[in-house]
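Geometric and topological summary
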Amino acid sequence: MRRSQVTTVSLLAVLALGACTNAKDVLEPSAITPPASSAQSLPATQGTSTAAASPTTTAPAPSTAPATAAASATPATQTAVLARTRLQVAPIVGASVDAAAPLTAELQTRAKQRGLTLVGSTDQTATHVLKGYFSTMSEGKDTTVIYVWDIYDPSGNRLHRINGQQKAAAVGSGEGWPTVAPATMQAIADQTIDQFAAWLGSGRAG
C-alpha cells in the first residue's frame, strides 16, 4: 500500500495552478459526442494524471448549499432561471481522458434533465463557465476522487465554488485514474449539476 506525502489541501492548490499548464491532462468537453454515444468513441491518446495525495475517509464536503436552499424561490422562477442559463464547461484539468469521458457525458445528460443548456467552448452566448480540477488518492482497494469546480461569469469573475470528494472501491489494478470506475465520475457529474442548479435557484447567483 503506497501512501503519498502530499496533503489534500496542497494537492488542490497544485491542481488550480496546473489549470493553465498541465495541457496533456486536459479534456476539451466540446470534443465529447452527445450522451447517447458510447464513451469508447473518444480519443484515448492523451496522458493521464499521476497526482495523488494522502488517503482519507472524509465524506464528500461540497461548498454549495443543499438543493433545499432553492426553496426560497418559486418553482416557476427556478425554472425560468435554469431555462435562460447557458453553461460552458471548460477543459477539465487533472483527470485522464478515459476518466473524464463519462464525467463529461453525464454532465450533458444531467444538465438536460435539469433544464440547463450546455454550450460549446466557442459559443459566445454562455452565461456561466464551469472549470473543473481533479485528482485521486488511493489506499488499498479504495480510490477517492477529489474535485473542485469554479463557476465564472463570461468576464472571468469567479462567482462560486463547488468542491468535494467521491470515494469508491477501485476497479482494475494499480493506482490512480485507471482504477476509477465510470460510475464514480457519473456520480460526481450528477452532484455537480444538481448543486449548480440549486445555487442558481437560490437567488444567490446574480
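Everything below is about the structure shown above.
Residues numbered from 1 in each chain as written. Predicted model: local features only at pLDDT ≥ 70, side-chain atom pairs only at ≥ 80, totals over all residues. Heavy atoms only, no water.

**A look at the overall build of the protein chain**
For the protein chain, the count of helices and strands is four helices and five strands. For the protein chain, the N- to C-terminal ordering of α and β elements is α-α-β-α-β-β-β-β-α. Counting all 206 residues of the protein chain, 44% fall into the buried class. In the protein chain, 73% of the contacts between residues at least 6 apart in sequence involve partners at least 24 apart. Accessible surface, the protein chain as shown: approximately 10000 Å² in total, 55% of it carbon and sulfur. (Helix = DSSP H or I, 4+ residues; strand = E, 2+ residues; numbered from the N terminus. Buried < 20%, exposed > 50% of the residue type's maximum accessible area, 1.4 Å probe, protein only. Contact = heavy atoms within 4.5 Å. Areas by Shrake-Rupley, 256 points an atom, 1.4 Å probe, with all protein chains shown as cover.)

**Points about the packing of aromatic side chains**
All told, the structure shown has three aromatic pairs when counted by the stated rule. Residues Phe134 and Tyr147 carry aromatic rings whose centres are separated by 6.1 Å and whose planes lie at 25° to one another, so their mutual orientation is stacked. One end of the pair, Phe134, is in strand S3 (residues 128-139); the other, Tyr147, is in strand S4 (residues 142-152), with 13 residues separating them in the sequence. Accessibility expressed as a relative area gives 0% for Phe134, which makes it buried. Taking the relative accessible area as the measure of exposure, Tyr147 reaches 0% and is therefore buried. Seen in terms of ring centroids, Phe134 and Trp149 are 5.3 Å apart; in terms of plane orientation they differ by 85°. Their pairing is edge-to-face. Linking Phe134 in strand S3 with Trp149 in strand S4, this pair joins segments that are 15 residues apart in sequence. (Phe/Tyr/Trp six-rings, centres within 6.5 Å; stacked < 30°, edge-to-face > 60°.)

**What to know about the sheet that holds strand S2 (residues 117-119)**
Taking strand neighbours across the sheet as the criterion, the five strands line up as S2-S1-S3-S4-S5 in an open arrangement whose pairing is mixed. Of all strands in the sheet, those bounded by a partner on one side alone are S2 and strand S5 (158-169). When strand polarity is set aside, the average angle formed by the axes of neighbouring strands in this sheet is 30°. Note that strand S1 (residues 86-89) and S2 share three bridges and pair parallel. When the sheet's bridge partners are listed, Gln88 is paired in S2 with Val119. Its contacts with the sheet place helix H3 (residues 97-113) against S1, S2, S3 and S4, and it is angled at close to 140° to S2. (Pairing = 2+ DSSP bridges. Axes fitted to C-alpha atoms, helices over the stretch in contact; angles between N-to-C directions.)

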